Number of protein chains: 4
Amino acid sequence: MLNRVVLVGRLTRDPELRYTPNGVAVANFTLAVNRPFTNQQGDREADFINIVVWRRQAENAANFLKKGSLAGVDGRVQTRSYENNQGQKVFVTEVMAESVQFLEPKNGGQGGGNFGGPSRDNNDYQGQNQNRNQNQGRKSDFSNFDDDPFASDGKPIDISDDDLPF
Amino acid sequence: MLNRVVLVGRLTRDPELRYTPNGVAVANFTLAVNRPFTNQQGDREADFINIVVWRRQAENAANFLKKGSLAGVDGRVQTRSYENNQGQKVFVTEVMAESVQFLEPKNGGQGGGNFGGPSRDNNDYQGQNQNRNQNQGRKSDFSNFDDDPFASDGKPIDISDDDLPF
Amino acid sequence: MLNRVVLVGRLTRDPELRYTPNGVAVANFTLAVNRPFTNQQGDREADFINIVVWRRQAENAANFLKKGSLAGVDGRVQTRSYENNQGQKVFVTEVMAESVQFLEPKNGGQGGGNFGGPSRDNNDYQGQNQNRNQNQGRKSDFSNFDDDPFASDGKPIDISDDDLPF
Amino acid sequence: MLNRVVLVGRLTRDPELRYTPNGVAVANFTLAVNRPFTNQQGDREADFINIVVWRRQAENAANFLKKGSLAGVDGRVQTRSYENNQGQKVFVTEVMAESVQFLEPKNGGQGGGNFGGPSRDNNDYQGQNQNRNQNQGRKSDFSNFDDDPFASDGKPIDISDDDLPF
DNA sequence: TTTT
DNA sequence: TTTT
């Protein structure tokens, strides 16, 4: 069933990176998303939405995002519950990010790096594209960067899993 | 900042309709949205997402949706907090629905009624469309229904606020 | 960069299924999505949005959807261009569906079957879920169907790739 | 019926601002949205998506966005057709933006201004919020940056129609 | 506290 | 006809 969320906001704190017993990376952070309207007192409020990311993207988030970073998230709303130390059931609603976009420019550059997206799917998608885009020939040229995924000239960079040194 | 959620799922209970002291209608319900994947035990889980709707749409939801109804929601993620009777701060994340779509067929019909969308905006949008669509002339012909908003021939129907008898 | 579309509408024609030279399935169909407002003449118009689906989901679409079916789509907006027989460049905008949801009830049932979602990812997601949901234990039970993926009792069914007999 | 698009990308040219005979502002621009995957040649392609905005937001777009600007769009997919000078029917698919977010930082600032959202609705929403958020009182505190589009007291700023000097 |  |  359809379940889709897209958010753009700022991290309220540095991402927390952890590993499951099986060694899978998970990162948590909170996105403050300003509301497009003001409340009765004329103040602009924000929603504070908890984000969870897994695997490579969790590590990317931990490496590239920090408190205050502007980020975009594309994912799903998920709910779970647990019992707290008082034995009460606590219900949690959070966003499971399938892709995280880094929107903060670096070094006065024009910003807009992006990481995330399915890693294994990559090949599937390429296969698809190979067929659909044969008449297209339009490409963007994010060329010539090596180890440092953020070029010093401030150009926007899309960081796919394959480009990253981890 | 961008904050958009789209869900399709089933109501876990009848909507609860209330009125604020100022007489504004608010409805609450929970949408069970089945996950597209199964867990390690091979079970398909669901997310249980709390929805809030306001005003006319709240009343429409109360009138047209019930436990088990298939519904679509387009809205925003919102968070708030309150203090419970033990003096603990409880954080709540819910979806403020801007439009609710009724996806349950009625009377063996082919379903797909839709209500919601901005009521006041309607005129604005019409003004826009009047200009943009002058070359279009394509319309959908879900015609000829009168009082019963769900035509007996099972044709899909969009129920705008203006069509509804309240 | 973020690119997300979610649609619910009805097929204007049966899906067209084709195969690329490499044997990859592609299906095309058009979704008529009624606008939530009426035009100046009081008519409700619709948008006719071209959808492309790949691989297993293309075959599912061809098998389970037909003209008039109510369907949901979660995907991306894509553009491409080609040269027509008059040598003119034609620009095309369509939606590449990543998941397609079947919203048409069968046999007077309460509808809401869903197919699609990443096939290979399935395992990744399960791995994730195995960790996140250990306190959850909530499951939905789509049990006991065999060859015909649509149970005769009209229960809603999520058709994952693995469940399908192809 | 559900129809929702969210995009983040860069303008390929300055927005074109026009006025209808009735004096309603309309702006058009194209958003280049880089794909999250590379094609078979290893090139990263982009989708070039045409955006239409109306009224105040059209004027805001014309004033605040230019070729190369990073922008977010929340809107609907719309289709229309017209007859070209050769008498051929041309089909057009574009995104009608309901809100446009300015994501380009100004003068090395921390970026993320946002304009758009319904103007008339503002009051409606406030009325709603007045009731829902009485327990909230949380505001976001992105403090200590000055340069301009961000107020000196560090308050987060969404540029709503009312705040703008036109 | 969960739907089909 | 495309952005960074």
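Calculation notes
- Once a new chain begins, its residue numbering starts again from 1 and follows that chain's sequence as written.
- Chain A is the first chain written and ligand 1 is the first ligand written, with later ones labelled in order.
- Local features in a predicted model are, by the rule used here, given only for residues with pLDDT of at least 70; side-chain atom pairs are given and counted only at 80 or more, and totals for whole chains, interfaces and linings are based on all residues.
- Note that the side-chain values use all heavy atoms of the structure and ignore hydrogens as well as water.
- Numbering goes from the N terminus for both helices and strands, where a helix is a DSSP run of H or I of at least four residues and a strand is a run of E of at least two.
- Relative accessible area decides the class of each residue, using a 1.4 Å probe on protein chains only: under 20% of the type maximum gives buried, over 50% gives exposed, and in between gives partly exposed.
- What makes two residues a contact is simply this: any of their non-hydrogen atoms within 4.5 Å.
- Per-residue and other accessible areas follow the Shrake-Rupley method at a 1.4 Å probe size, with only the shown protein chains counted as cover for residues.
- Think of the arc as the fan of directions from the helix axis to the C-beta atoms.
- The salt bridge criterion pairs a side-chain nitrogen of Lys or Arg with a carboxyl oxygen of Asp or Glu, the two atoms within 4 Å.
- DSSP calls a pair of strands paired once it identifies at least 2 bridges connecting them.
- Values of pLDDT, which run from 0 to 100, indicate the predictor's confidence residue by residue.
- The term polar contact refers here to a pair of N or O atoms within 3.5 Å; inside protein, the definition further demands a hydrogen-donor-capable atom paired with an acceptor-capable atom, and it admits residues adjacent in sequence only when both atoms are side-chain atoms.

What follows covers the overall build of chain A. Check the secondary structure of chain A and you find two helices and eight strands. Evaluated residue by residue, chain A yields a buried proportion of 61% over its 166 residues. Nonlocal contacts in chain A, meaning residues at least 24 apart in sequence, comprise 56% of its contacts between residues at least 6 apart. Carbon and sulfur atoms form 41% of the exposed surface of chain A, whose accessible area is close to 6800 Å².

Attention now goes to helix H1 (residues 55-64) of chain C. Every buried residue belonging to H1 of chain C is among Gln57, Ala58, Asn60, Ala61 and Phe64 of chain C, and all of these are buried. In a view along the axis of H1 of chain C, the buried residues occupy a sector of 165°, so they form one face of it.

Below, the discussion takes up the pattern of salt bridges. Here the idea is simple: oppositely charged side chains can pair when their charged atoms come close. Applying the stated criterion to the full structure yields 36 salt bridges over all chains. Among the salt bridges present, the one from Arg80 of chain B reaches Glu94 of chain B, with a minimum N-O distance of 2.6 Å. Here Arg80 of chain B, found in strand E5 (residues 70-83), pairs with Glu94 of chain B, found in strand E6 (residues 89-102); they are 14 residues apart in sequence, far enough to count as distant. Judged by relative accessible area, Glu94 of chain B falls into the buried class, the value being 6%. For Glu16 of chain D, the salt bridge goes to Arg13 of chain D, with nearest N and O atoms at 3.4 Å. Residue classification places Glu16 of chain D among the partly exposed positions, given a relative accessible area of 38%. The structure contains a network of salt bridges with shared partners spanning Arg4, Asp74 and Glu98 of chain A together with Arg4, Asp74 and Glu98 of chain C.

Residue and element names in this part refer to chain D. When you line up the elements, Thr12 lands in the loop between strand E1 (3-11) and strand E2 (16-19). Accessibility expressed as a relative area gives 29% for Thr12, which makes it partly exposed. Remark: the alpha-carbon pair of Thr12 and Phe29, spanning 17 residues in sequence, is separated by 7.5 Å. Contact partners of Thr12, with chain neighbours within four places excluded, come to Thr30, Ala32, Phe48 and Lys67.

As a further point, take the pairing of strand E5 (residues 70-83) of chain C. Residue and element names in this part refer to chain C. Burial runs high along E5: 11 of the 14 residues are buried. Note that E5 and strand E6 (residues 89-102) share 13 bridges and pair antiparallel. Among the inter-strand pairings, Ala71 is bridged to a residue of E6, identified as Phe102. Where E5 folds back on E6, the antiparallel hairpin that results is connected by five residues, among which Gly87 adopts a positive phi of roughly 75°.

Residues and elements named next belong to chain A. Within the fold, Val95 resides in strand E6 (residues 89-102). Taking the C-alpha atoms as reference points, Val95 and Val73, 22 residues apart in sequence, are found 8.7 Å from one another. Those residues in contact with Val95, other than ones at most four positions away along the chain, are Val5, Leu7, Ile49, Asn50, Ile51, Val52, Val73 and Arg76.

Looking now at unusual backbone geometry. One non-glycine residue, Arg55 of chain A, lies in the positive phi region at around 60°. On the accessibility criterion, Arg55 of chain A (34% relative accessible area) is partly exposed.

A word on the confidence of the model for chain A. Residues and elements named next belong to chain A. In this model, chain A carries an average pLDDT of 74, and 63% of its residues clear a pLDDT of 70 or more. Note that residues 108-112 has pLDDT below 50 and, in this model, 20 contacts with residues that lie over four places away or in other chains. Long-range and interchain partners of residues 118-166, a stretch whose pLDDT sits below 50, account for 114 contacts in this model, where long-range means more than four residues apart.

Here we come to the side chain of Arg35 of chain B. Residue and element names in this part refer to chain B. Tracing the backbone shows Arg35 in strand E3 (residues 25-38). On the basis of relative accessibility, which here comes to 0%, the residue Arg35 falls in the buried class. A polar contact of 2.6 Å, which involves the side chain of Arg35, links it to the side chain of Asp47.

So, about the pairing of E6 of chain A. All names here are of chain A. Where burial is concerned, most of E6 is hidden: 11 out of the 14 residues are buried. Summarising the sheet, strand E4 (residues 44-54) and E6 pair through two bridges and their orientation is parallel. By the bridge assignment, Ile51 is partnered in E6 with Val95.

Let's shift gears to the environment of Asp14 of chain D. Residue and element names in this part refer to chain D. Checked against the element boundaries, Asp14 lands in the loop between E1 and E2. Once the C-alpha coordinates of Asp14 and Asp74 are considered, the two residues, 60 residues apart in sequence, prove to be 19 Å apart. Beyond its immediate stretch of four places on either side in the chain, Asp14 contacts Asn28, Lys66 and Lys67. At a separation of 2.7 Å, a polar atom in the side chain of Asp14 contacts the main-chain amide nitrogen of Lys67.

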